[in-house]
Amino acid sequence: ETGVTQTPRHLVMGMTNKKSLKCEQHLGHNAMYWYKQSAKKPLELMFVYSLEERVENNSVPSRFSPECPNSSHLFLHLHTLQPEDSALYLCASSPRTGGEQYFGPGTRLTVT
Amino acid sequence: GEDVEQSLFLSVREGDSSVINCTYTDSSSTYLYWYKQEPGAGLQLLTYIFSNMDMKQDQRLTVLLNKKDKHLSLRIADTQTGDSAIYFCAESPSGTYKYIFGTGTRLKVLA
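Quick caveat, the model's predicted, so the values are computed rather than measured. (Residues numbered from 1 in each chain as written. Chains lettered and ligands numbered in written order. Predicted model: local features only at pLDDT ≥ 70, side-chain atom pairs only at ≥ 80, totals over all residues. Heavy atoms only, no water.)

A.B. asks: Explanation requested: the pairing of strand β9 (residues 85-93) of chain B in the structure shown.
C.D. replies: Every regular strand shows the same layout, with side chains that alternate between the two sheet faces. Residues and elements named next belong to chain B. For β9, the buried fraction is high: nine of the nine residues fall into the buried class. Neither face of β9 is exposed, since A85, Y87, C89, E91 and P93 on one face and I86, F88, A90 and S92 on the opposite face are all buried. Alignment of strand β4 (residues 30-37) against β9, held across eight bridges, turns out to be antiparallel. In the strand pairing of β9, K36 is matched with Y87. Where β9 and strand β11 (residues 105-110) come together, three bridges link them in antiparallel fashion. When the sheet's bridge partners are listed, Y87 is paired in β11 with T105. Bridge count for β9 against strand β10 (residues 100-101) is two bridges, and the pairing is antiparallel. Opposite A90, over in β10, you have F101 as the bridge partner. (Buried < 20%, exposed > 50% of the residue type's maximum accessible area, 1.4 Å probe, protein only. Helix = DSSP H or I, 4+ residues; strand = E, 2+ residues; numbered from the N terminus. Pairing = 2+ DSSP bridges.)

Structure below.
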């Protein structure tokens, strides 16, 4: 595998479920990011990790919980989501924070 | 506040040049990026420029920066149908963790 991978690619969950999104980067980068992409809205930066330490949390509701166990892996744990959380969730990595970003293909999340 | 603006749509004929425009607002030194997103895919980094540069060329892509007007453009020469996608402009002020994306310009290439 090369680049940035995300699993699953599609996820349908009920509002009471708990699920996790996974991101893995094979680029040797030090920073990783979660973004939310909704229709007709700019890309929203959710979380930033630098060397496994969270350095940015952009007022994201607590029903989204990130985890970065090492510099290659990033998770987004989801619980008690709302229908308005349905979106494409994109993971990205960069050689350093503030550098050019490389994105994964995204997870299309639908909350029913 | 910080804002990145782009026009929503652009339509060109195959073989013509496409010019996608973007304005940004941050006044400090900043990196400016262009990304391409095809249906069902993530964003693909195309090119980037630092705010102390005027121009950058990479094969069919030319980035022009007007620092005075905070205007950035992406020119695609000899546009092909495979260039049809959404193009995002983004800025990241130097020394910060911030990335501000525009809403994207949907480019449609007509055969």
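A.B. asks: What should I look at first to understand the nonpolar core in this one?
C.D. replies: Across soluble globular proteins, nonpolar side chains have a tendency to be buried as a group. Among the nonpolar cores identified, the biggest contains 22 residues, and A:W34, A:F64, A:L76 and A:L78 are the most heavily contacted of them. Residues contacting A:F64, with those up to four places away along its chain left out, are A:M46, A:F47, A:L76, A:H77, A:L78, A:L81, A:D85 and A:Y89. (Core = buried A, V, L, I, M, F, W, Y, C linked by side-chain atoms within 4.5 Å. Contact = heavy atoms within 4.5 Å.)

A.B. asks: Would you take a moment to explain the pairing of strand β11 (residues 107-111) of chain A for this structure?
C.D. replies: Residue and element names in this part refer to chain A. Side chains T107, L109 and V111 of β11 all project onto a buried face; the interleaved residues R108 and T110 project onto a face where none is buried. Pairing analysis gives four bridges linking strand β2 (residues 10-13) to β11, with the strands arranged parallel. Directly across from L11, in β11, lies its bridge partner L109. By the bridge criterion, three bridges tie strand β9 (residues 87-94) to β11 in an arrangement that is antiparallel. Paired with Y89 across the two strands is T107, which belongs to β11.

A.B. asks: Please clarify how the sheet that holds strand β8 (residues 71-76) of chain B should be interpreted in this entry.
C.D. replies: Strands in a sheet are paired, the pairing made by backbone hydrogen bonds, and the direction either parallel or antiparallel. All names here are of chain B. Taken in spatial order, the five strands make up an open sheet running β1-β3-β8-β7-β6, and their pairing is antiparallel. Of all the strands in the sheet, just β1 (4-6) and β6 (55-58) have a single pairing partner and so form its edges. Averaged over all neighbouring strand pairs, the angle between strand axes comes to 15°, with direction disregarded. Two strands pair when backbone bridges link them, and β1 and strand β3 (residues 18-24) are joined in this way by three bridges, in the antiparallel orientation. The residue of β3 that forms the bridge with V4 is Y24. (Axes fitted to C-alpha atoms, helices over the stretch in contact; angles between N-to-C directions.)

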